[in-house]
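Architecture at a glance
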Amino acid sequence: INHIVHNGGLYKRPFNEAFEETPMLVAVLTYVGYGVLTLFGYLRDFMRQWKIEKCQNATEREEQKDFVPLYQDFENFYNRNLYMRIRDSWNRPICSVPGAKVDMMERVSHDYNWTFTYTGRVIKDIINMGSYNYLGFAQKAGTCQEAAAKVLSQYGAGVCSTRQEMGNLDKHEELEKLVARFLGVESAMAYGMGFATNSMNIPALVGKGCLILSDELNHASLVLGARLSGATIRIFKHNNMQSLEKLLKDAIVHGQPRTRRPWKKILILVEGIYSMEGSIVRLPEVIALKKKYKSYLYLDEAHSIGALGPSGRGVVEYFGLNPEDVDVMMGTFTKSFGAAGGYIGGKKELIDYLRTYSHSAVYATSLSPPVVEQIITSMKCIMGEDGTTVGKARVQQLAENTRYFRRRLKEMGFIIYGNEDSPVVPLMLYMPAKIGAFGREMLKRNIGVVVVGFPATPIIESRARFCLSAAHTKEMLDTALKEINEVGDLLQLKYSRHRLVPLLDRPFDETTYEETED
């Protein structure tokens, strides 16, 4: 049974998310597979140590043998003996626009994936099911490309300075005003890199004596930003509001460790769409808790901006909420807008503060002018300010593609994670041998897919991750589904028994999130 909630009137629409239980036999065989690989890994390390097998991995030099080892951690053992077997599934070089179809350079390995050589052949017209090109703006022709080319000839490719020095262009100011209007907030600021938008701005907002409550599946950029801030970090279970509320209560009741003083700030870190699970944040409940316990909310909309909501304004619009209820609205231009960089939106006081204190604003080079123009043109298209309905049609097409693709995969018998409206579609593979096999078999059939394993996922929850796009036609999706169905039968990946695990431990009480009076 899918998990549908209308908790206490907080949700204005059905919220349908599913995470099916792993069959016991599959879990056992997955552990056995990793056990066998680990045993062979130790055997091969033994052979390398005694020069029976050639050692091609990074090792300490002879004069460093008595030092504390640099390379003897588990990740390096994993890279050497497990990852190397399926390394050909990643870093595949493409040589075209990452649109609905891509061209890929063929490569081969003659030493079991330690090195690759290029054959000179290009594999044409691979259906691209892996790029974050949600609205199809990654294209080499059209209004966005023409506008970017015009700006390139006028401004050049680079700015060669920071925003606070000689790198503040009129285009940057135009972009930030447009982003603020698009989000429905007072002010916004743009940055040159999405990852650094999180990792460099969170330390500017919180520090020692502050508390960060972070979802256990938050992106590495949020995790790094939280660690760099020096604040105390506590983790709550993924999308579990009981877990979050318990941490909030404990934080307010007990205060800081040892001194018991109140926390200076409590900041909740969540994402709009979780890029490995395909789940959507329970934002109405998070906002209700934030208001009840007087904390701050930092929302990362990297994958949801442009991809969710009737007009592509992200998870806030998707739930019909007020943008003012989110203290810090962060997102990236790298996905739905087909560009690069990130932004933060919120109150004018917040943005003015970040302009002065954010390392990413003070020390980083400004956004490239053609990239800025790509963002402006694509955002105006989404908003309908270009005089067409192309943007709205793309948002609707993405929603239709998402629901169709997810429904068909579930009907085939695959275990699919996430929300029915999420364009990120994880298909569970589990077993280590099937990670590489799935990627190779799909490429043989001219379908480009992303397969994901440890450390990006838990070690026994390997998966293939499809990212849908408005540029995908129904014919492309049907072709991809036909091939996925064939490969699923070939590799015996249809694990689903339609036994779904509810996300939450108990049903909600309608009075749980009533706001307290001042």
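Residues numbered from 1 in each chain as written. Predicted model: local features only at pLDDT ≥ 70, side-chain atom pairs only at ≥ 80, totals over all residues. Heavy atoms only, no water.

1. Thoughts on the overall build of the protein chain
In terms of regular secondary structure, the protein chain is built from 15 helices and 17 strands. Counting the 518 residues in the protein chain, one finds 54% classified as buried. Taking the contacts inside the protein chain whose residues are at least 6 apart along the sequence as the reference set, 71% of them involve residues at least 24 apart. Counting only carbon and sulfur atoms, one obtains 56% of the accessible surface of the protein chain, whose full area is about 24000 Å². In the protein chain, 63 positive and 59 negative side-chain charges are present, and the distance between their average locations comes to 3 Å. (Helix = DSSP H or I, 4+ residues; strand = E, 2+ residues; numbered from the N terminus. Buried < 20%, exposed > 50% of the residue type's maximum accessible area, 1.4 Å probe, protein only. Contact = heavy atoms within 4.5 Å. Areas by Shrake-Rupley, 256 points an atom, 1.4 Å probe, with all protein chains shown as cover. Lys, Arg positive; Asp, Glu negative; His and termini not counted. Charge placed at Lys NZ, Arg CZ, Asp CG, Glu CD.)

2. Re the UniProt feature "domain: Aminotransferase class I/classII large" (unreviewed entry) in the protein chain
UniProt tags residues 124–484 as "domain: Aminotransferase class I/classII large" (unreviewed entry). Helix makes up 42% of residues 124–484 and strand 17%. Its end C-alpha atoms lie 19 Å apart. (UniProt positions renumbered as here; feature names shortened; annotations may be inferred.)

3. Details of the UniProt feature "transmembrane region" (unreviewed entry) in the protein chain
UniProt records the feature "transmembrane region" (unreviewed entry) for residues 24–43 in the present numbering. End-to-end, the C-alpha atoms of residues 24–43 are 29 Å apart, and along that stretch the chain is 100% helix and 0% strand.

4. Observations concerning the packing of helix H5 (residues 194–205) against helix H10 (residues 348–357)
Running from N to C, H5 and H10 point in directions that differ by 105°, and their axes come no closer than 10 Å. On the basis of their axis angle, the class for H5 and H10 is roughly perpendicular. Where H5 approaches H10, its residues Asn-201, Ala-204 and Leu-205 are matched on the opposing element by Leu-350, Tyr-353, Leu-354 and Tyr-357. Taken together, the residues of the contact of H5 with H10 break down into six nonpolar, one polar and no charged. (Axes fitted to C-alpha atoms, helices over the stretch in contact; angles between N-to-C directions. Parallel < 35°, antiparallel > 145°, perpendicular 65-115°, else oblique. Nonpolar A, V, L, I, M, F, W, Y, C, P; charged D, E, K, R; others polar.)

5. What about the domain arrangement of the protein chain?
Domain parsing of the protein chain yields domain 1 (18–128 + 390–496) and domain 2 (143–383). Contacts between domain 1 and domain 2 engage 20 residues on the former and 18 residues on the latter. In this structure, the salt-bridge partner of Arg-463 is Glu-277, at a minimum N-O distance of 2.9 Å. There are eight residue pairs in polar contact (both at pLDDT 80 or more) connecting domain 1 and domain 2. No other element matches the six residues that helix H13 (residues 390–412) contributes to the side of domain 1 that touches domain 2. Residues belonging to the side of domain 1 that touches domain 2 are distributed by class as follows: 10 nonpolar, five polar and five charged. (Domains from an automatic or database assignment. Salt bridge = Lys/Arg side-chain N within 4 Å of Asp/Glu carboxyl O. Polar contact = N/O pair within 3.5 Å; in protein donor to acceptor, adjacent residues only side chain to side chain.)

6. A few points about unusual backbone geometry
In this structure, Tyr-112 takes a positive phi of about 60° despite not being glycine. With respect to the helices and strands, Tyr-112 occurs in the loop between strand E3 (101–108) and strand E4 (117–128). The exposure class assigned to Tyr-112 is exposed, which follows from its relative accessible area of 72%. With phi around 55°, Asp-125 is a residue other than glycine that occupies positive phi space. In this structure, Asp-125 sits in strand E4. Asp-125 sits in the partly exposed class, given a relative accessible area of 47%.

7. A look at helix H4 (residues 170–183)
Here H4 contains 14 residues, and its C-alpha end-to-end distance of 20 Å stays within 8% of the 20 Å for a straight helix at 1.5 Å per residue. Turning to H4, its buried residues number three or more, namely Lys-171, His-172, Leu-175, Glu-176, Leu-178, Val-179, Ala-180, Phe-182 and Leu-183. Once H4 finishes, Gly-184 follows within two positions and takes phi at roughly 80°, a positive value. (Expected span 1.5 Å × (residues − 1).)

8. Concerning the sheet that holds E4
Taken in spatial order, the three strands line up as E3-E4-E14 in an open sheet, and their pairing is mixed. The sheet is open, and its two borders are formed by E3 and strand E14 (447–448), each paired with just one other strand. Examined bridge by bridge, E3 and E4 share six bridges and lie antiparallel to one another. Bridging across to E4, Val-102 finds its partner in Ile-126. (Pairing = 2+ DSSP bridges.)

9. Comments concerning the sheet that holds strand E16 (residues 462–467)
Sheet architecture is open: three strands sit in the order E13-E16-E15, paired in antiparallel fashion. At either end of the open sheet lies a strand with only one pairing partner, and these are strand E13 (424–430) and strand E15 (450–452). Neighbour-to-neighbour, the strand axes of the sheet open up by a mean angle of 30°, direction not taken into account. Both E13 and E16 contribute to a ladder of six bridges, which runs antiparallel. Residue pairing in the sheet places Tyr-430 in a bridge with Ser-462 of E16. Each of E13, E15 and E16 touches helix H14 (residues 432–444); the most contacted strand, E13, lies at about 130° to it.

10. Focus: the pattern of salt bridges
Oppositely charged side chains can pair when the atoms bearing their charge come close. Taken as a whole and assessed by the stated rule, the structure comprises 34 salt bridges. A salt bridge links Lys-124 to Asp-103; the nearest nitrogen and oxygen atoms lie 3.6 Å apart. Taken as a pair, Lys-124 in strand E4 and Asp-103 in strand E3 lie far apart in primary sequence, 21 residues in all. A residue is classified by how much of its surface remains accessible, and Asp-103, at 14% relative accessible area, is buried. A salt bridge links Glu-420 to Arg-403, with the nearest nitrogen and oxygen atoms 3.3 Å apart. Within this pair, whereas Glu-420 is found in the loop between strand E12 (418–419) and E13, its partner Arg-403 is found in helix H13, the two being separated by 17 residues in sequence. Taken together, the salt bridges that share partners define one network made up of Glu-441, Lys-444, Arg-445, Lys-482, Glu-483 and Glu-486.

11. Re helix H8 (residues 283–292)
In terms of burial, H8 is a largely internal element, nine of the 10 residues being buried. When we look at burial in H8, the residues that qualify are Leu-283, Pro-284, Glu-285, Val-286, Ile-287, Ala-288, Leu-289, Lys-290 and Lys-292. Residues of H8 that are buried make contact with helix H7 (241–254), strand E8 (266–271), strand E9 (296–300) and helix H9 (315–318). A positive phi of about 55° marks Lys-294, the residue just after H8.

12. Examining the side chain of Asp-45
Topologically, Asp-45 is positioned in helix H1 (residues 24–49). Taking the relative accessible area as the measure of exposure, Asp-45 reaches 18% and is therefore buried. Engagement of the side chain of Asp-45 in a polar contact is seen with the side chain of Arg-80, the distance being 2.7 Å.

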